[in-house]
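Breakdown of the fold
Each chain is listed here by its residues.
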Amino acid sequence: MRRLLRMATMAIAIMLAAPSHAMLPDEVLDDPVLEQRARALSTQLRCLVCQNQSIDDSDAQLARELRLLLRERIVAGDTDREIVDYLVSRYGQFILLKPQFNALTLVLWIAPAVLLIGGGILAVRVVRRRSAVTGGADLTPDEERRLQKILDAR
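What counts, and where the lines are drawn
Residues numbered from 1 in each chain as written. Predicted model: local features only at pLDDT ≥ 70, side-chain atom pairs only at ≥ 80, totals over all residues. Heavy atoms only, no water. Salt bridge = Lys/Arg side-chain N within 4 Å of Asp/Glu carboxyl O. Helix = DSSP H or I, 4+ residues; strand = E, 2+ residues; numbered from the N terminus. Buried < 20%, exposed > 50% of the residue type's maximum accessible area, 1.4 Å probe, protein only. pLDDT = per-residue confidence, 0-100. Core = buried A, V, L, I, M, F, W, Y, C linked by side-chain atoms within 4.5 Å. Contact = heavy atoms within 4.5 Å. Disulfide = S-S within 2.5 Å. Expected span 1.5 Å × (residues − 1). Arc of directions from axis to C-beta. Phe/Tyr/Trp six-rings, centres within 6.5 Å; stacked < 30°, edge-to-face > 60°. Lys NZ or Arg CZ within 6 Å of the ring centre and 35° of its normal. Axes fitted to C-alpha atoms, helices over the stretch in contact; angles between N-to-C directions. Parallel < 35°, antiparallel > 145°, perpendicular 65-115°, else oblique. Left-handed = near helix turned anticlockwise from the far one by under 90°. Nonpolar A, V, L, I, M, F, W, Y, C, P; charged D, E, K, R; others polar.

Next up on the list: the pattern of salt bridges. Tallied over the entire structure, the rule returns seven salt bridges. For R71, the salt bridge is made with E35, and the minimal N-O distance between the two is 2.8 Å. Placement of R71 in helix α3 (residues 61–75) and of E35 in helix α2 (residues 32–42) is noted, with a sequence separation of 36 residues between them. Take R71 and E35: they sit in the same class, and that class is buried. One salt bridge in this structure joins R37 and D80, with 2.7 Å as the shortest N-O distance. Of this pair, R37 sits in helix α2 while D80 sits in helix α4 (residues 80–91), and the two are 43 residues apart along the sequence. Through salt bridges that share partners, D142, R145 and R146 make up one connected network.

Next up, the structure:
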């Protein structure tokens with residue numbers, strides 16, 4: 001029984017560790033160089049249905065159609081830049097998993113740094129304000145004697 005359980009656990013681990021690509025055999029190009037280009041491009045493009053998966057990993061029908069379109073354009077002789085520009089013109093910047101740096105996406109690139117710096121400044125101010133409130137609370141000599149008396153009684 002233990003051996004069967006161990007084998008089942010190993011089988012599940014192997015299945016989970018294996019890479020899962022949604023590509024179907026009929027999508028693969030005959031030329032390995034062109035196929036490599038297609039795979040590299042398809043990992044950079046977002047599935048519009050799944051949203052946080054590349055079209056290379058997605059099982060959605062739209063992702064399959066985009067993979068086929070991508071390969072058609074590669075076979076037709078388009079450059080990677082032309083293919084990406086075509087897809088962006090058709091589906092918008094959202095299709096890119098990593099948005100391009102330009103005036104429209106400036107906020108996406110700058111906001112994390114601004115929020116991090118702003119949060120740091122806010123944290124420093126809060127700590128300073130709290131230390132200023134509690135920092136001037138020195139004990140009078142009478143309070144120190146009473147405190148020492150309490151501590152000695154322990």
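Before going further, it helps to examine the confidence of the model for the protein chain. Per-residue pLDDT for the protein chain has a mean of 83; in total, 84% of the residues score no lower than 70. Mean pLDDT values over the elements of the protein chain span from 67, in helix α1 (residues 2–17), up to 92, in α4.

Here we come to the nonpolar core. In terms of nonpolar packing, the biggest core is built from 18 residues, with L70, I74 and L87 touching the most fellow members. Only α2, α3 and α4 provide two or more residues apiece to this core. Looking at which element gives the most residues to this core, the answer is α3, with five residues. When sequence neighbours within four positions are dropped, the list of residues in contact with I74 reads L29, L34, R37, A38, L41 and I83.

All told, the structure shown has zero disulfides when counted by the stated rule. C47 takes part in no disulfide bond, and the closest cysteine sulfur to it belongs to C50, at a distance of 3.5 Å. Accessibility expressed as a relative area gives 0% for C47, which makes it buried.

The end-to-end C-alpha distance of α3 is 21 Å, a good match for the 21 Å that 15 residues give at a rise of 1.5 Å each. Inspection of α3 places A63, R64, L66, R67, L69, L70, R71 and I74 among the buried residues, and these make up the whole buried set. Against α2 and α4 lie the buried residues of α3. The first or second residue beyond α3 is G77, which carries a positive phi of 100 degrees.

Our next topic: α4. When the terminal C-alpha atoms of α4 are compared, their 16 Å separation across 12 residues agrees well with the 16 Å that a helix rising 1.5 Å per residue should span. Every buried residue of α4 is accounted for by I83, V84, L87 and V88. Projected onto a plane normal to the axis of α4, the buried residues spread over an arc of 130 degrees and lie on a single side. Positioned one or two residues after α4, G92 has a phi angle of 90 degrees, which is positive.

Okay, the packing of aromatic side chains next. With the rule as written, the count across this model stands at zero aromatic pairs. Over the ring of Y86 we find R73; its NZ or CZ atom is 3.9 Å from the centre of that ring.

Moving on, we get to the packing of α2 against α3. Between α2 and α3, the shortest axis-to-axis distance is 10 Å and the interhelical angle comes to 135 degrees. Judged by the inter-axis angle, α2 sits oblique to α3. Crossing angle aside, the handedness with which α2 passes α3 is right-handed. Here L34, E35, R37, A38, R39, L41 and S42 of α2 come into contact with α3, specifically with L70, R71 and I74. In terms of residue class, the contact of α2 with α3 is built from five nonpolar, one polar and four charged.

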